[in-house]
Amino acid sequence: MNPIYIIYIIVLSLIKIKLSKAITVTAIAFIYSEKIDLYKPFADEFNKYSKEKKLDIVFDLTILTPDNSTSYINDYGIMIDNLLQKKTKKYDIFFYYGTYTKRYGKYFINLEDWLPKEHIDMYDPQIISKSCLYNNKVVGLPITIDISVLYSNQMLLSKYEKEIPKTWDELIETSKYIFDVEKNNFNNTNLITFNGLFNKGDQGIVSIYEFINSFRDSNNSPYPETQSETSEEALKMMKKLKNEISSDLQFQLDDYDTITRLFTGTAIFLRFWYLPHSPIYKASAVPGKNKNVSGSMAGAYNIAINRYSDSEKKKAAIEVLKFITSKEIQKKLIISKNYYSSISSLYDEEDVCQMIDCKVIKDMMPFSAMDFDTKQFDLDFYIDKYKSYVYDYLYGNKTVSEVLKNIDDITKIYTFDIKTNNSLLGLVILIIFILSSIIIVSSVVFLFSEKYNLYYKNLPIIFWVFSPLGSFIILCSVLTFYGNMTVVKCKFRQALIIGGFIQSLFPILYLLIINFPEDNKISKWIMKHKYIFFLLIVTLNSITFIMLMISPIKIKNIIIIEGENSQKCDNYKSFGLVLFHIIEFYISFLIFSILLLIFIEWNYKESYYNVRFLLAAIIMDILSVIIYIIFNKIDINDYNIYGFILSIIIFILALSNYTFTYGIRVLLVLIQKKKDDFDEEEFIKKNKIYNERLSNTTTTKATNSFNKEIEFNSDSDSSSKNRRKSSVVSSNERRTSIFTENIRKASVISNKIMNYHFTVSKE
């Protein structure tokens, strides 16, 4: 074999081995056509640097533009969302617009853990805070910034001896004068005054945000609140500009038309991003309401690293990021191409200011960047609605106050409160709560009055205090409807309702147990150890409260398009749902036990009134809970109506419990004029005739029932003896025997319950 060929094969193999060791860092970016040359030099320059430094890192960049794909910024955003949500490792580096940091930030690594502090501190703090932070962590760095500027036609301004306008009023005055003279004297029909760029594209939202931003008091002032006089004044000026020096059509011209005019000189003033342009125009800061206030915006193009990439890939990606965001490369690849960097110190260097107009950027410092507080709402949805509402005023017939409220309502969460601006319902509920609380709390004094304690003597005072306190706790749950809805409030509401319900029924439950028609160990033990039983109930209530407070619960957003959004407590999630079902079982068992005891003691004179009062309370409780669940599941769009209805249901639950377990005794106290007028024996014997009839009926029914039981038992015993005589018992006969035995036992239990039911008193 030819030695040269062998050497050639060996060299190729070594190159292949070398290349296989190199780490490929993949990246994806979206850029508009006019800035197509922005990203590619980064890849070329880094790969050259990597070879020189023998880093064994290859930077592979994929660039999307409107020309090579159907992607626009929204579509690109959706694609990035899909990739990151799937925890993709396809791309290690993402280039994105800084506006989307809040949307993507959770998918990127914290650069503060990987980069020296001084590297991050080079960058303008306003840009970092507005465009690079997610949960107070730096997740991206700007490789360049777009700055919006006003392009002024120097030829026309010089011709008519006019200055570059620094306020919107100056721009209107200058535009009117030049346009009228050019049209009337020179028939210049191709000339426009001001493009506006309030169109349906991505520039539309920037123009709106920028215009409102220009009405701040100073460059250091925060962005105006949506429903403020400043925002209202800005929108009115926006419409004034359109009506006095422009038109709907002119204000809606697209980016392409603006760029064309920028090189043909057919506009007096143009608003657009800074880029290389014809010497016909001079760039300056966007005018403001007042002089020395600029509306110019800075839009960051960020670089970030995928948190799902392998550790080795992350380290390599950091090398790429450090290189691209270094001061030297920013100066070489950004400034030299007439783009701006957010490293502020660069604009103090003479050689930089020879390449780029430093005055323009210094006039707009500190930088302003778009920063929408969209809360949990999708940014693209928010921007589309924001533009739509502003255009309803700018091009339509909506009033400025209507439009600003609609914008505010996109993300604003309205709450149930006592303010009477929108509704009196919150105040009405609070008044009902206060009055009900006063009645419940003040009624406790009857327990400590010797004159009235006859009605409460069958239980210790602490037990009776437990009942109205439980009703008051239920009442307090309505307070959780007020103000911003939080997870803690949702948990407290459930805990207060359930805990208060159990507590309010405790005294009557205790009476039912100790008044059981037949002596039994449970009743005797509870009667003897009533305070231990009391502590047991308190402990169970505390456990229930803790379980509800640790159970995860969801908050549901009620989104009303062109309406007022609100929130409500939704279902429990994960293990919280399991815990809640356990509590539901506990409550159901408690209610079933109470209903069984009510049935058993229905005619028992010691519990005669208690069981009837308690049954009424249980019925009202069940109905209230069912209605509460139904209305809580329904999406009631009006947050005031929702809060009012559920609060009324809770009032019914609390007050019915109070009335039938405690309050009825207060009413009896108030009805009695004097203690001497009341005969305790008469109180017990009021239904003597009815009780005697029940007793006779009970005796007859009980006797018949007992005889039937004896006959049944006799037949069963006889049948059992006959079966034992048989030498072989078939499997079917055994099953029949077990079934019959179960029926017999059930019959015995049911007969016993019925005997209790018709029992009037203990013998």
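Residues numbered from 1 in each chain as written. Predicted model: local features only at pLDDT ≥ 70, side-chain atom pairs only at ≥ 80, totals over all residues. Heavy atoms only, no water.

## What to know about the pairing of strand S8 (residues 267-273)
With seven of its seven residues buried, S8 lies for the most part within the structure. Sheet analysis places strand S6 (residues 141-153) next to S8, joined by five bridges and oriented antiparallel. Following the sheet pairing, Ser-148 is matched in S8 by Trp-273. (Buried < 20%, exposed > 50% of the residue type's maximum accessible area, 1.4 Å probe, protein only. Helix = DSSP H or I, 4+ residues; strand = E, 2+ residues; numbered from the N terminus. Pairing = 2+ DSSP bridges.)

## Some details on unusual backbone geometry
In this model, Asn-136 sits at a positive phi of 65°, which is unusual for a non-glycine residue. With respect to the element layout, Asn-136 can be found in the loop between strand S4 (133-134) and strand S5 (137-138). If you check the backbone angles, Glu-161 has positive phi at about 55° while not being a glycine. Within the secondary structure, Glu-161 is located in the loop between helix H7 (154-159) and helix H8 (168-186).

## Re the state of the cysteines
All chains considered together, the criterion is met by two disulfides. With a sulfur-sulfur separation of 2.1 Å, Cys-353 is cross-linked through a disulfide to Cys-358. As the torsion about the S-S bond is roughly -105°, the Cys-353-Cys-358 disulfide counts as left-handed. Judged by its relative accessible area of 32%, Cys-353 is partly exposed. A disulfide bridge connects Cys-490 with Cys-569, and the sulfur atoms are separated by 2.0 Å. The S-S bond linking Cys-490 to Cys-569 shows a torsion near -90°; that makes this disulfide left-handed. Separated by 79 residues along the polypeptide, Cys-490 in helix H21 (residues 487-514) and Cys-569 in strand S12 (residues 566-572) bring together distant segments of the chain. Per residue, the accessibility class of Cys-490 equals that of Cys-569, and both read buried. If the cysteines joined by disulfides in the protein are listed in sequence order, their pairing comes out as 1-2, 3-4. (Disulfide = S-S within 2.5 Å.)

## Remarks on the packing of H8 against helix H10 (residues 229-245)
One can describe the packing of H8 onto H10 by two numbers: an axis separation of 11 Å at closest approach and a directional angle of 5°. The orientation of H8 with respect to H10, classified from their angle, is roughly parallel. Contact residues: Trp-168, Asp-169, Leu-171, Ile-172, Ser-175 and Lys-176 in H8; Met-237, Lys-240, Leu-241, Glu-244 and Ile-245 in H10. Here the residues of the contact of H8 with H10 are counted per class, giving six nonpolar, one polar and four charged. (Axes fitted to C-alpha atoms, helices over the stretch in contact; angles between N-to-C directions. Parallel < 35°, antiparallel > 145°, perpendicular 65-115°, else oblique. Contact = heavy atoms within 4.5 Å. Nonpolar A, V, L, I, M, F, W, Y, C, P; charged D, E, K, R; others polar.)

## Digging into the packing of aromatic side chains
Overall, the coordinates contain 40 aromatic pairs when judged by the stated rule. The lysine or arginine in question, Lys-159, covers the ring of Phe-186, its NZ or CZ lying 4.2 Å from the ring centre. One Lys or Arg, Lys-162, reaches over the ring of Tyr-177 and ends 4.7 Å from the middle of that ring. (Phe/Tyr/Trp six-rings, centres within 6.5 Å; stacked < 30°, edge-to-face > 60°. Lys NZ or Arg CZ within 6 Å of the ring centre and 35° of its normal.)

## Examining a nonpolar patch on the surface
On the surface, Ile-418, Leu-424, Leu-427, Val-428, Ile-431, Ile-434, Leu-435 and Ile-438 cluster together into a nonpolar patch covering about 680 Å² of accessible area. Along the chain, Ile-418 turns up in the loop between helix H18 (400-411) and helix H19 (425-442). Of the residues examined, Ile-418 reaches a relative accessible area of 44% and is grouped as partly exposed. (Patch = residues over 30% accessible without salt bridge, like charges linked within 9 Å, V, L, I, M, F, W, Y side chains within 5 Å. Areas by Shrake-Rupley, 256 points an atom, 1.4 Å probe, with all protein chains shown as cover. Salt bridge = Lys/Arg side-chain N within 4 Å of Asp/Glu carboxyl O.)

## Remarks on the confidence of the model for the protein
Looking at the protein as a whole, the pLDDT averages 83, with 83% of positions reaching at least 70. The model gives residues 16-20 a pLDDT under 50, and that stretch makes one contact with residues more than four places away or in other chains. A low-confidence stretch, residues 686-691 stays under pLDDT 50, and its non-local contacts, those more than four residues away or across chains, total seven contacts. (pLDDT = per-residue confidence, 0-100.)

## So, the nonpolar core
Among the nonpolar cores identified, the biggest contains 133 residues, and Tyr-39, Phe-59, Ile-93, Phe-95, Leu-141, Ile-147 and Tyr-151 are the most heavily contacted of them. Of the residues forming this core, the biggest block, nine residues, is contributed by helix H17 (residues 379-394). Apart from the residues within four sequence positions on either side, Tyr-39 is in contact with Ala-29, Phe-30, Ile-31, Leu-61, Ile-63, Phe-95, Ile-143 and Tyr-301. Ile-474, Phe-580, Ile-583 and Ala-654 belong to the second largest nonpolar core, which has 69 residues in total. (Core = buried A, V, L, I, M, F, W, Y, C linked by side-chain atoms within 4.5 Å.)

## Description of the environment of Pro-165
Residue position: Pro-165 is located in the loop between H7 and H8. The sequence separation of Pro-165 and Ser-152 amounts to 13 residues, and the corresponding C-alpha distance is 8.6 Å. Setting aside chain neighbours within four positions, we find Pro-165 in contact with Leu-150, Ser-152, Glu-170, Leu-171, Phe-269 and Pro-287.

## Points about the packing of H17 against H18
Viewed as axis vectors pointing N to C, H17 and H18 meet at an angle of 170°, and their least axial separation amounts to 8 Å. The orientation of H17 with respect to H18, classified from their angle, is roughly antiparallel. Within the contact between the two elements, H17 uses Phe-381, Tyr-382, Lys-385, Tyr-386, Tyr-389, Val-390, Asp-392 and Tyr-393 and H18 uses Val-400, Val-403, Asn-406, Ile-407, Ile-410 and Thr-411. When its residues are assigned to classes, the contact of H17 with H18 shows ten nonpolar, two polar and two charged.

## Concerning helix H14 (residues 327-334)
Considered for burial, the residues of H14 that qualify are Ile-329, Gln-330, Leu-333 and Ile-334. Along the long axis of H14, the arc covered by the buried residues comes to 105°, so they all point the same way. Here the buried face of H14 lies against helix H2 (40-53), S6 and helix H13 (311-324). (Arc of directions from axis to C-beta.)

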